[in-house]
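# Fold and contact review
Read off the chains here:
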Amino acid sequence: MIARIAGSAAAIAPDPGIEPVGVLPGVGSALVAALARLGLERVQDLWFHLPLRYEDRTRVSAIADLRVGERAQVAGLVEAVERGFRYRPQLKVAIGDASRQTLLLRFFHFNRAQSEQLQPGTRLLCYGEVRHGAHGLEMVHPQYRRLGEGDAVSVDALLSPVYPSTEGLGQKRLAGVIGKALTLLPPAATLELIPPELCAGHGLTSLRDALLYVHRPPADAHLGQLMLGEHPAQQRLAFEELLARHLSLKRLRAAVRRRRAPRLADDIGLRRRLLAALPFELTAAQRRVSAEVAKDLAQARPMLRLVQGDVGSGKTVVAALAALAAVGAGYQVALMAPTELLAEQHRHNFRHWLGPLGIEVEWLAGKVAGKARKLALQRVAQGAPVVIGTHALMQEGVVFAQLGLVIVDEQHRFGVQQRLALRDKGQAGEQVPHQLVLTATPIPRTLAMSAYADLDISSIDELPPGRTPVQTIAISNARRAEVIERIHAACGEGRQAYWVCTLIEESELLRAQAAEVAFAELSAALGGFRIGLIHGRMKPKEKQAVMDAFKAGELAVLVATTVIEVGVDVPRASLMVIENSERLGLAQLHQLRGRVGRGAAASSCVLLYQPPLGQLARERLQVMRQTSDGFRIAEQDLLLRGPGELLGTRQTGQLSFRIADLARDAHLLLAVQQVGERMLADHPRQTERLIERWIGGAARFVQA
Ligand code: ADP
Ligand code: MG
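First things first, this report covers the structure right here in the doc. All values derive from a computational prediction rather than experimental measurement.

### Focus: the overall build of the chain
Along the backbone of the chain there are 28 helices and 22 strands. Here the chain, with 704 residues, has 53% of them falling under the buried criterion. Long-range contacts, defined as pairs at least 24 residues apart, comprise 75% of the intrachain contacts of the chain with a sequence gap of at least 6. Looking at the chain as shown, the accessible area adds up to about 31,300 Å², and 52% of this sits on carbon and sulfur atoms.

### A closer look at the packing of aromatic side chains
Counted under the stated rule, the structure contains three aromatic pairs. Arranged with centres 5.7 Å apart and planes meeting at 75°, the rings of Phe-107 and Tyr-144 form a pair that is edge-to-face. Remark: Tyr-144 occurs in strand β8 (residues 143–147) and Phe-107 occurs in strand β4 (residues 102–107); sequence separation between them is 37 residues. The exposure class assigned to Phe-107 is buried, which follows from its relative accessible area of 2%. The ring of Tyr-127 is capped by Arg-57, whose NZ or CZ atom sits 4.5 Å from the centre of that ring.

### Quick notes on the sheet that holds strand β2 (residues 71–84)
Sheet strands associate in pairs through backbone hydrogen bonding, adopting either a parallel or an antiparallel arrangement. Here seven strands make up an open sheet; going across it, the order is β6-β7-β4-β3-β2-β5-β8 and the pairing mixed. The sheet terminates laterally at β6 (131–133) and β8, the two strands that pair on one side only. Strand-to-strand twist in this sheet, taken as the mean axis angle between neighbours without regard to direction, amounts to 40°. Strand direction decides the pairing type here: β2 and strand β3 (residues 90–96), joined by seven bridges, are antiparallel. When the sheet's bridge partners are listed, Val-78 is paired in β3 with Ile-95.

### Observations concerning the packing of helix α10 (residues 232–258) against helix α26 (residues 669–682)
A pair of packed helices can be characterised by two numbers: the angle between their axes and the separation between those axes. Where α10 meets α26, the axes come as close as 9 Å, and the angle between the chain directions of the two elements is 55°. Taken together, α10 and α26 sit at an angle that is classed as oblique. As for the relative orientation of α10 and α26, their crossing is right-handed in sense. In this structure, α10 uses Phe-239, Leu-242, Leu-243, His-246, Leu-247 and Lys-250 to contact α26, whose residues at the interface are Leu-669, Ala-671, Val-672, Gln-673, Val-675, Gly-676, Met-679 and Leu-680. Of the residues assigned to the contact of α10 with α26, the class counts are 10 nonpolar, three polar and one charged.

### Some thoughts on the site of ligand 1
The immediate surroundings of ligand 1 are formed by 16 residues, with Gly-312, Lys-315, Thr-316, Arg-467 and Asp-569 found nearest. Note that an oxygen atom of ligand 1 is positioned 3.0 Å from one of the backbone N or O atoms of Gly-314. Thr-316 places a polar side-chain atom, nitrogen or oxygen, 2.5 Å from an oxygen atom of ligand 1. Within the complex, the protein chains bury 84% of what would otherwise be the 570 Å² of accessible surface of ligand 1. In this structure, ligand 1 is accommodated by the second largest pocket.

### Thoughts on the sheet that holds strand β22 (residues 604–609)
Taken in spatial order, the six strands make up an open sheet running β17-β22-β21-β18-β20-β19, and their pairing is parallel. In the strand order of this sheet, the two ends are held by β17 (471–476) and β19 (531–534), each with one partner. Taking each pair of neighbouring strands and ignoring which way they run, the sheet shows an average axis angle of 20°. As judged from the four bridges shared by strand β18 (residues 496–500) and strand β20 (residues 557–560), these two strands associate in the parallel manner. For Trp-499, the partnering residue across the bridge sits in β20 and is Val-559. Packing of helix α21 (residues 586–593) onto the sheet brings it into contact with β17, β18, β21 (573–578) and β22, and relative to β21 it is tilted by some 150°.

### Observations regarding the layout of surface pockets
For the second largest pocket, the calculated volume is near 840 Å³. What lines the second largest pocket is a set of 33 residues, and nearest its centre among them are Gly-314, Thr-316, Arg-467, Asp-569 and Arg-598. At the level of elements, α13 (315–328) and α14 (340–354) are the ones that each hand at least two residues to the lining of the second largest pocket. Per-element accounting of the lining of the second largest pocket gives the leading share, seven residues, to α14. Among the residues forming the lining of the second largest pocket, the class breakdown is 11 nonpolar, 12 polar and 10 charged.

### A closer look at the nonpolar core
Grouped together as the largest cluster of nonpolar side chains are 56 residues, with contacts concentrated most on Leu-35, Leu-46, Trp-47, Leu-211, Leu-237, Leu-243 and Trp-694. Of the residues forming this core, the biggest block, eight residues, is contributed by α10. Contact partners of Trp-694, with chain neighbours within four places excluded, come to Phe-48, Leu-50, Leu-237, Glu-240, Glu-241, Ala-244, Arg-658 and Ile-659. One finds Leu-278, Met-303, Val-333 and Phe-350 within the second-largest nonpolar core, a separate group that totals 44 residues.

### Regarding the environment of Thr-122
Along the chain, Thr-122 turns up in the loop between α4 (112–117) and β5 (123–129). For Thr-122, a relative accessible area of 13% translates into the label buried. It is 8.5 Å that separates the C-alpha atoms of Thr-122 and Glu-149, two residues lying 27 residues apart in sequence. Contact partners of Thr-122, with chain neighbours within four places excluded, come to Gly-76, Leu-77, Val-78, Gln-117 and Arg-146. In this structure the side chain of Thr-122 is engaged in a polar contact, spanning 3.4 Å, whose partner is the backbone oxygen of Gln-117.

Calculation rules
Residues numbered from 1 in each chain as written. Chains lettered and ligands numbered in written order. Predicted model: local features only at pLDDT ≥ 70, side-chain atom pairs only at ≥ 80, totals over all residues. Heavy atoms only, no water. Helix = DSSP H or I, 4+ residues; strand = E, 2+ residues; numbered from the N terminus. Buried < 20%, exposed > 50% of the residue type's maximum accessible area, 1.4 Å probe, protein only. Contact = heavy atoms within 4.5 Å. Areas by Shrake-Rupley, 256 points an atom, 1.4 Å probe, with all protein chains shown as cover. Phe/Tyr/Trp six-rings, centres within 6.5 Å; stacked < 30°, edge-to-face > 60°. Lys NZ or Arg CZ within 6 Å of the ring centre and 35° of its normal. Pairing = 2+ DSSP bridges. Axes fitted to C-alpha atoms, helices over the stretch in contact; angles between N-to-C directions. Parallel < 35°, antiparallel > 145°, perpendicular 65-115°, else oblique. Left-handed = near helix turned anticlockwise from the far one by under 90°. Nonpolar A, V, L, I, M, F, W, Y, C, P; charged D, E, K, R; others polar. Near = heavy atom within 4 Å. Polar contact = N/O pair within 3.5 Å; in protein donor to acceptor, adjacent residues only side chain to side chain. 1 Å grid on protein atoms, 1.4 Å probe; cavity = no way out; pocket = protein on both sides within 12 Å on 5 of 7 lines; lining within 4 Å. Sits in = over half its atoms within 2 Å of the grid points. Points joined across faces, edges and corners; volume = space filled by probe spheres on them. Core = buried A, V, L, I, M, F, W, Y, C linked by side-chain atoms within 4.5 Å.

Below is the structure:
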């Protein structure tokens, strides 16, 4: 059917790419559903579903030649098997090969049959990442196949792409259907959306060649280059993806900026009254940023401004001043925070600051239910001036009378879509509210240019005076007892401490359990001192009660999960221990550590780690020991991890790129901007199609 269309209608270029995946032979409804779970609905979605990496099973490596960090295929004989229970059940299998070296295979999830199959003498062909273990090289959960007595070791002829997939959809099947889609790739001229005159000088290869290459790299492809994403074919695709992202944000911004917003100039002097009542002077940076915000708010065009400032730089008061401008002009303000704990804290601060000015602060969190919720909603609908809450603010049924300003704290926890949903609450005809976004994650320039192209950025690049830097040390868990002893001594001097339990990949339940275990351990070890526990499975009221007690100095130690990561402000706490710190990313470690060092007392942070440390973890802890500068940490983070995690987009799926990597591809961004500008100006239809191609459903959703 598609073949026929391809020959006809010269006026509209036929585009097999926009056909549903169901047109491909052999793709039935079950497969269509599985593909839809990956967001793959049209044929072109399959073209642009790019491999995450490649596996080289075209050869077998000798164990003696393995290098830490590489993925390799090894063939060997099982020499020993051991089931162990250190920390958690595990199966250890030692294999050896002709190079007379041993490699340890380590399994944490295994069944009885599996452990019985791996008896000494069994021949195995396995593939996995080589790591540095306590007793030499190892692979954790390698893929493996048993080889029969006389089986030859067979290797693949081509590099195998590994695609992002979903449960129930194996790599083979996915690769098969992508292969079918690729047979429909139109000729280069039809496929290109970037006008050729714009590409000139940027050294871009043909899109068609690039796609065919990355999906099916030939056997002699430079694997190293491919793995790093530096092959010209990948760079071509990365360029286009970055361009699509940039264009979608620019278009979004343009659409918003075409709307009108209320002019918010505080003409009753609320701002002056708050400043006079504060127990401190604003820093120069706070004054500058606050002025930038005030200037935006006074315009009839919607503000789209991101205020970035390191943890403790005092963003809250800047937000409060913005809120006063809106209230002073007779409009409502909504402040949304990502966690109940943080929202609570804002409520507390705002009540403390705005109450004396006669401004009520309304509270709307997920747990406000029944009659209380009904009344709260009524007051919001009737014009309550300041409404603070969690994403409950965005729910249906929340109607504002005159929303003039939306403030979103800790933006990286929310996606663009959520931000817009809240803004839409304030839509009145052509008029939309102003938006102020606060983030403690400093945003490197490269990232700002692409990920936040829809926002103006202000930086609070100065901490309030009198802060002492946090002294940071990394200590092996083997010396846990010493660390506890140290806490004991600190409590004896009247200091307060956080003990943070981190288990990132597990469930909230497991996190809570880990915290309870630590709580029991510390309670036993620190007899005589009061210890509190806080985790995500407690009721908001319970959490608040514990926080209040800690704030009031009634608790010496607070055992917590990472629920305290964002925003929690207890200036008196001066010691923090982070368990399993090797598992956390830099941004998260920095956030956590930012909970101490807020008062005048010298503070310290102990990064407890479970040896042996991997290369990446070692580097991260090193960075943490060396600097407390959020900008430097964010930059290192970008280098070490890539931007997806930096922005916390693993949760929201918002900014994960398919192929681009902002750290690696930063050199493309200037060209992206240049080409982008001309496309927006001169090629609106191509622009639309490019966004549709790369961002598809998500872009449709966020269209302003
Ligand atoms: P963050 O930027 O991390 O949100 P906060 O707004 O919570 O920081 O401020 C951190 C602490 O510093 C709060 O206790 C706040 O009252 C205080 N603070 C804010 N601005 C100043 C200032 N200019 N001088 C002294 N303390 C300040
Ligand atoms: Mg804050």
